[in-house]
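Listed here are the chains, written in short residue letters.
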Amino acid sequence: MSAASVPSASQGLIAGLSRLVTVKDEVGAHGVEAERGRALCGELEAGNILYFPRTPFAFPDDDLKFLLGLKQTDASFHKNIAYRPAEDRITGLDKSAQGPEVDRLRAIVAGYSRLSSEFLGWLLPQYAGKWKLDYASYRPLEEQGRSARLRARNDLPHVDAFPTRPTNGDRILRLFTNINPSQNRVWITSQTFDVIGPQFAKMLGLPRQQRSNFVANALRGIANAAHMPGANRSPYDDFMHRCHNAMKESGEFQENCPKQRWEFPPRSTWIVFTDSVSHAVLQGQYALEQTFIISRDAMVRPESSPLRILERLAGHPLTRAS
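Just so you know, these numbers come straight off a predicted model, no measurement behind them.

The rules behind each value
Residues numbered from 1 in each chain as written. Predicted model: local features only at pLDDT ≥ 70, side-chain atom pairs only at ≥ 80, totals over all residues. Heavy atoms only, no water. Helix = DSSP H or I, 4+ residues; strand = E, 2+ residues; numbered from the N terminus. Buried < 20%, exposed > 50% of the residue type's maximum accessible area, 1.4 Å probe, protein only. Contact = heavy atoms within 4.5 Å. Areas by Shrake-Rupley, 256 points an atom, 1.4 Å probe, with all protein chains shown as cover. Phe/Tyr/Trp six-rings, centres within 6.5 Å; stacked < 30°, edge-to-face > 60°. Lys NZ or Arg CZ within 6 Å of the ring centre and 35° of its normal. Pairing = 2+ DSSP bridges.

Caption draft 1: View of the overall build of the protein. Counting its secondary structure elements, the protein contains 8 helices and 11 strands. Counting every position in the protein, which comprises 322 residues, the buried fraction comes to 52%. A fraction of 86% describes how many contacts in the protein between residues 6 or more apart in sequence connect residues 24 or more apart. Accessible surface, the protein: about 15100 Å² in total, of which carbon and sulfur atoms supply 50%.

See below:
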């Protein structure tokens with residue numbers, strides 16, 4: 001099976017379309033060479049997709065069988081399931097879900113989180129130690145036809161922004177694995193943020209510089225102490241969240257944006273900066289995913305990041321003080 005359909009000749013003339021970079025046998029016992037790792041980071045930061053035809057780390061077959069059996073046998077495991085590494089707990093289950101099955105599920109997704117993190121550190125040493133390990137997830141539902149409110153739909157091209165987990169300009173890197181034994185996971189992507197960002201900045205208005213006077217700082221401190229949603233959001237985070245929503249809500253964008261179709265076969269893995277690559281999931285059931293928040297200071301092509309693109313347009317900093 002192919003990982004992607006072949007783009008048409010006309011697509012080659014469209015700016016901001018992603019390329020698939022197939023990676024084979026790159027990682028030895030001590031990881032890749034620094035120069036090669038830096039080059040792979042550059043591919044990701046340019047808006048391309050790193051693709052591994054076979055998952056590049058050993059995920060136990062017994063664990064896969066357990067995950068594939070859950071949805072078929074237990075009605076309490078119907079939701080997308082998230083593992084929070086910092087808390088070593090799992091969310092997204094029905095309240096009735098409990099017992100040894102839940103413990104096993106948590107251990108399996110935690111194991112995937114650990115294996116994917118170790119692998120990424122070997123593959124991309126420039127990022128190792130410069131990321132925050134975000135959520136891992138298990139996605140047992142068929143994406144095609146899945147019911148969701150508009151802003152939560154996965155089948156509409158969008159860039160990622162987390163409303164309750166602001167990044168302050170750091171990057172959202174995600175590693176996906178298709179664990180379906182027979183079905184491809186089907187994506188579409190559109191143009192990258194260097195093309196889309198200025199268009200939506202014109203539509204939404206450029207983000208303003210965050211005020212840093214005594215009153216503004218005090219209000220943010222109070223909001224943070226009260227754990228109010230968005231209390232730590234920078235102007236960058238606020239814009240990216242509005243952009244995420246506007247992309248999904250724009251019928252014109254959804255209808256007319258250029259699209260590439262990608263098909264990721266069973267047991268394949270791919271990595272992409274989803275805050276830059278506009279993407280959507282059309283079909284597929286059973287997938288695992290790990291999110292990394294990569295420090296903006298670790299970028300090998302910082303000028304390509306959404307933060308730097310927006311700051312060039314705005315003419316002022318868009319992150320809050322550390």
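Text resumes after the structure shown.
Caption draft 2: Looking closely at the packing of aromatic side chains. Here the structure, examined in full by the defined rule, presents 13 aromatic pairs. Each ring, one from Phe57 and one from Phe119, has its centre 5.9 Å from the other, and the planes form 50°; the classification is tilted. With Phe57 in the loop between β2 (49–52) and α2 (61–73) and Phe119 in helix α3 (residues 100–123), this pair connects stretches of sequence that are 62 residues apart. Note on accessibility: Phe57 and Phe119 belong to one class, buried. One aromatic cluster in this structure is built from Tyr51, Phe176, Trp187, Phe264 and Trp270. The ring of Phe273 has Arg171 lying over it, and the distance from NZ or CZ to the ring centre is 4.2 Å.

Caption draft 3: Fine view of the pairing of strand β5 (residues 131–139). Inspection of the sheet shows strand β3 (residues 81–84) paired to β5 by 3 bridges, in the antiparallel sense. Looking at the pairing, Tyr83 lines up with Ala136 of β5. Examined bridge by bridge, β5 and strand β11 (residues 287–294) share 7 bridges and lie antiparallel to one another. Bridging from a neighbouring strand, Ala136 pairs with Gln290 of β11.

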